[in-house]
Amino acid sequence: MFAAERRQLILEMVRANGAVSLRELARVVQTSEVTVRRDVRALEAEGLLDRRHGGAVLPGGFTRESGFPQKSHLATAEKTAIADLAANFVEEGEAIVVGAGTTTQELARRLARVPGLTVVTNSLLVAQALAHANRVEVVMTGGTLRGSNYALVGSGAEQSLHGLRVSRAFLSGSGLTAERGLSTSNMLSASVDRALVQAAAEVVVLADHTKLGTDTMFQTVPTDLITRLVTDEPPAHDDRAATELQALADQGVQIAVAGGQGGSAGSGAGGPGGDAVPARQQRRDVPVPGPRRQVPGSGGGLRSTTMLGDQGPGAERARVADLRRR
């Protein structure tokens with residue numbers, strides 16, 4: 001394929017999806033990420049797109065939201081690795097909320113055999129993934145269906161969450177920065193996500209590395225409310241993603257990285273319901289130097305949470321620095 005043909009195809013993919021990773025672009029145009037990176041730089045110089053951490057987005061600073069058909073084909077390997085790892089943070093008998101998104105849908109598929117689990121969600125895709133799980137209770141919010149991502153939104157969804165209290169919220173979004181936290185491109189989705197956060201004692205964000213450093217219009221979770229980030233291994237050349245991880249860790253966010261080579265998951269490697277985490281994954285947690293949010297005790301009917309690790313800020317910086325060297 002000639003350079004002009006590659007660049008035209010790259011531009012069409014970005015226009016169709018809003019944001020595409022370099023890894024995905026290289027796969028589609030059947031060339032190396034180095035070559036794709038040069039193409040993206042050339043297209044950016046012409047003002048046709050903007051470069052982001054490990055990918056390309058529509059020009060203008062803020063990415064628009066892609067529909068479900070586009071999202072479902074993006075970064076599929078990364079989403080699988082993140083979902084495998086995130087499932088280890090769910091325990092039997094818990095009550096959790098799971099927001100809308102293709103990554104949270106992957107997580108839901110792994111939660112189907114967690115005994116005694118209660119899942120509150122506004123996502124039809126999450127509910128569908130758990131529909132035949134006879135040991136999982138699914139509670140759906142009310143609201144108006146938003147067809148582009150199969151989620152219930154609006155005042156009905158938000159009101160149904162009032163007075164709810166669960167141990168953890170699992171959310172994804174369109175972008176994540178240390179400065180603003182998690183954000184999304186749609187106002188109605190953002191409003192419901194904020195209500196989900198208010199219902200949870202802890203917030204776990206699921207975001208692949210292409211979303212690190214991307215800022216979108218509506219903030220959903222400020223950085224100081226994010227307990228843990230579950231992400232994938234950034235490419236070795238992606239210094240900006242590693243810098244963003246460092247900034248998040250400096251603000252007290254625990255970071256769990258999936259998809260490392262040569263290792264296995266940490267505690268709970270058996271996974272919920274007995275599903276083993278693939279041996280290719282490696283979990284590296286950057287512990288918070290002290291609890292961020294207090295989980296109500298048994299009197300509130302919630303399971304208390306133990307933070308992973310008890311090392312100080314020095315160890316935290318060393319572990320994130322290790323990501324930058326990889």
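Peer 1: Explain the overall build of the protein chain to me, and be specific about the residues and the numbers.
Peer 2: Counting its secondary structure elements, the protein chain contains 11 helices and 15 strands. Here the contacts in the protein chain between residues at least 6 apart in sequence split such that 68% fall between residues at least 24 apart. Element-wise, carbon and sulfur atoms account for 50% of the exposed surface of the protein chain, whose accessible area totals about 13,400 Å².

Peer 1: Any chance you could break down the packing of aromatic side chains for me, citing the residues and the numbers?
Peer 2: Here a ring pair, both rings aromatic, is described through the centre-centre distance and the interplanar angle of the planes. Taken as a whole and assessed by the stated rule, the structure comprises 0 aromatic pairs. For arginine 228, the ring lying beneath its charged end belongs to phenylalanine 89, and the centroid distance is 4.1 Å.

Peer 1: Tell me about the sheet that holds strand β9 (residues 166-171), and name the residues and values.
Peer 2: Spatially, β6-β5-β4-β9-β12-β14-β15 is the arrangement adopted by the 7 strands of the open sheet, whose pairing is parallel. Looking at strand neighbours, the two that pair on one side only are β6 (136-140) and β15 (254-258), the edges of this open sheet. For this sheet, the mean inter-axis angle between neighbouring strands, taken without regard to orientation, is 20 degrees. One ladder, built from 5 bridges, connects strand β5 (residues 117-121) with β6; its direction is parallel. Following the sheet pairing, leucine 117 is matched in β6 by valine 136.

Peer 1: Before we move on, can you summarise the environment of arginine 38 with the specific residues and values?
Peer 2: The topology assignment puts arginine 38 in helix α3 (residues 33-45). Look at arginine 38 and you get partly exposed, because its relative accessible area is 47%.

Peer 1: Provide a residue-level description of the pairing of β5, including the pertinent values.
Peer 2: In terms of burial, β5 is a largely internal element, 4 of the 5 residues being buried. The pairing of strand β4 (residues 95-98) with β5 spans 4 bridges and is classified as parallel. Across the sheet, the residue bridging to isoleucine 96 is valine 119, located in β5. Assessed by its sense of winding, the connection that carries the chain from β4 through helix α6 (residues 102-110) to β5 is right-handed. As for the winding sense of the linkage, the β-α-β connection from β5 through helix α7 (residues 124-129) to β6 is right-handed.

Peer 1: Let's hear about the pattern of salt bridges: which residues, and what values?
Peer 2: Two side chains that carry opposite charge are able to pair once their charged atoms sit near each other. By the definition in use, this model includes 11 salt bridges. Glutamate 94 is the salt-bridge partner of arginine 168, the closest N and O atoms lying 2.1 Å from each other. Placement of arginine 168 in strand β9 and of glutamate 94 in the loop between α5 (76-86) and β4 is noted, with a sequence separation of 74 residues between them. The residues arginine 168 and glutamate 94 share a single accessibility class, namely buried. Here aspartate 215 makes a salt bridge to arginine 180, at a shortest N to O gap of 2.5 Å.

Peer 1: Please provide a residue-by-residue account of the sheet that holds strand β2 (residues 50-52), values included.
Peer 2: Read from one edge to the other, the open sheet built from 3 strands follows the order β1-β3-β2, with strand pairing classed as antiparallel. Single-partner strands in this sheet number two, and they are β1 (19-21) and β2. Looking at each pair of strands side by side, their axes are set apart by 25 degrees on average, direction ignored. Sheet topology note: the β2/strand β3 (residues 55-57) ladder contains 3 bridges and is antiparallel. Of the residues in β3, the one forming a bridge with aspartate 50 is valine 57. Packing of helix α2 (residues 22-29) onto the sheet brings it into contact with β1 and β3, and relative to β1 it is tilted by some 75 degrees.

Peer 1: Can you lay out the nonpolar core for me, pointing to particular residues and giving the numbers?
Peer 2: Grouped together as the largest cluster of nonpolar side chains are 30 residues, with contacts concentrated most on Leu171, Leu176, Val205, Leu212, Val221, Leu229 and Leu248. Among the elements of the structure, β9, α9 (187-198), β12 (200-206), α10 (239-250) and β15 are those that each provide at least two residues to this core. Those residues in contact with valine 221, other than ones at most four positions away along the chain, are Leu171, Arg180, Gly181, Leu182, Val197, Val203 and Ile226. Judged by nonpolar contacts, the second largest core, of 26 residues, contains Ala86, Val98, Leu206 and Ala256.

Peer 1: Give me the lowdown on the packing of α5 against α6, citing residues and values where you can.
Peer 2: The interhelical angle for the contact between α5 and α6, taken along N-to-C directions, is 50 degrees, at an axis separation of 8 Å. If you check the angle between α5 and α6, you find them oblique. Note that α5 runs across α6; the crossing there is right-handed. Here Lys79, Thr80, Ile82, Ala83, Asp84 and Ala86 of α5 lie close against α6, whose contacting residues are Thr102, Thr103, Glu106, Leu107 and Arg110. For the contact of α5 with α6, the per-class residue count stands at 4 nonpolar, 3 polar and 4 charged.

Conventions adopted
- Within each chain, residue numbers correspond to sequence positions counted from 1 in written order.
- Only residues with pLDDT of at least 70 are given local features in this predicted model, and only at 80 or more are side-chain atom pairs given and counted; all residues enter the totals for whole chains, interfaces and linings.
- By convention in this description, side-chain values take in all heavy atoms of the structure and omit both hydrogens and water.
- Each helix is a run of H or I in the DSSP string that is no shorter than four residues. Each strand is a run of E no shorter than two, and both are numbered from the N terminus.
- Contacts were defined at the residue level, with two residues in contact if any of their heavy atoms lie within 4.5 Å.
- Only the protein chains shown count as cover for residues, with accessible areas throughout obtained via the Shrake-Rupley method and a probe of 1.4 Å.
- Only rings of Phe, Tyr and Trp enter the pairing, Trp through its six-membered ring, and a pair is recorded when the two centres are within 6.5 Å. The plane angle decides the type: under 30 degrees is stacked, over 60 is edge-to-face, the rest tilted.
- A ring is scored as having a charge over it whenever the NZ atom of a lysine or the CZ atom of an arginine sits within 6 Å of its centre and within 35 degrees of its normal.
- At least two bridges found by DSSP between two strands are what make those strands a pair.
- Fitted lines through C-alpha atoms serve as axes, helices being fitted only where they are in contact, and the angles separating the N-to-C directions of these axes extend from 0 to 180 degrees.
- Working definition: with a 1.4 Å probe on protein chains only, accessible area under 20% of the residue-type maximum means buried, over 50% means exposed, and in between means partly exposed.
- Here a crossover is taken to be right-handed if, once the strands point away from the viewer, the path from the first strand over the helix to the second is traced clockwise.
- We count a salt bridge whenever a side-chain nitrogen from Lys or Arg sits within 4 Å of a carboxyl oxygen from Asp or Glu.
- By nonpolar core we mean a set of buried residues, namely Ala, Val, Leu, Ile, Met, Phe, Trp, Tyr and Cys, connected to one another through side-chain atoms within 4.5 Å.
- When describing relative orientation, an angle under 35 degrees is termed roughly parallel and one over 145 degrees roughly antiparallel, while 65 to 115 degrees is termed roughly perpendicular and anything else oblique.
- By definition, turning the near helix anticlockwise from the far helix through less than a right angle yields a left-handed crossing, and turning it clockwise yields a right-handed one.
- Ten residue types, Ala, Val, Leu, Ile, Met, Phe, Trp, Tyr, Cys and Pro, are classed as nonpolar, four, Asp, Glu, Lys and Arg, as charged, and the remainder, Gly among them, as polar.

What is shown is where atoms sit, not what they do.
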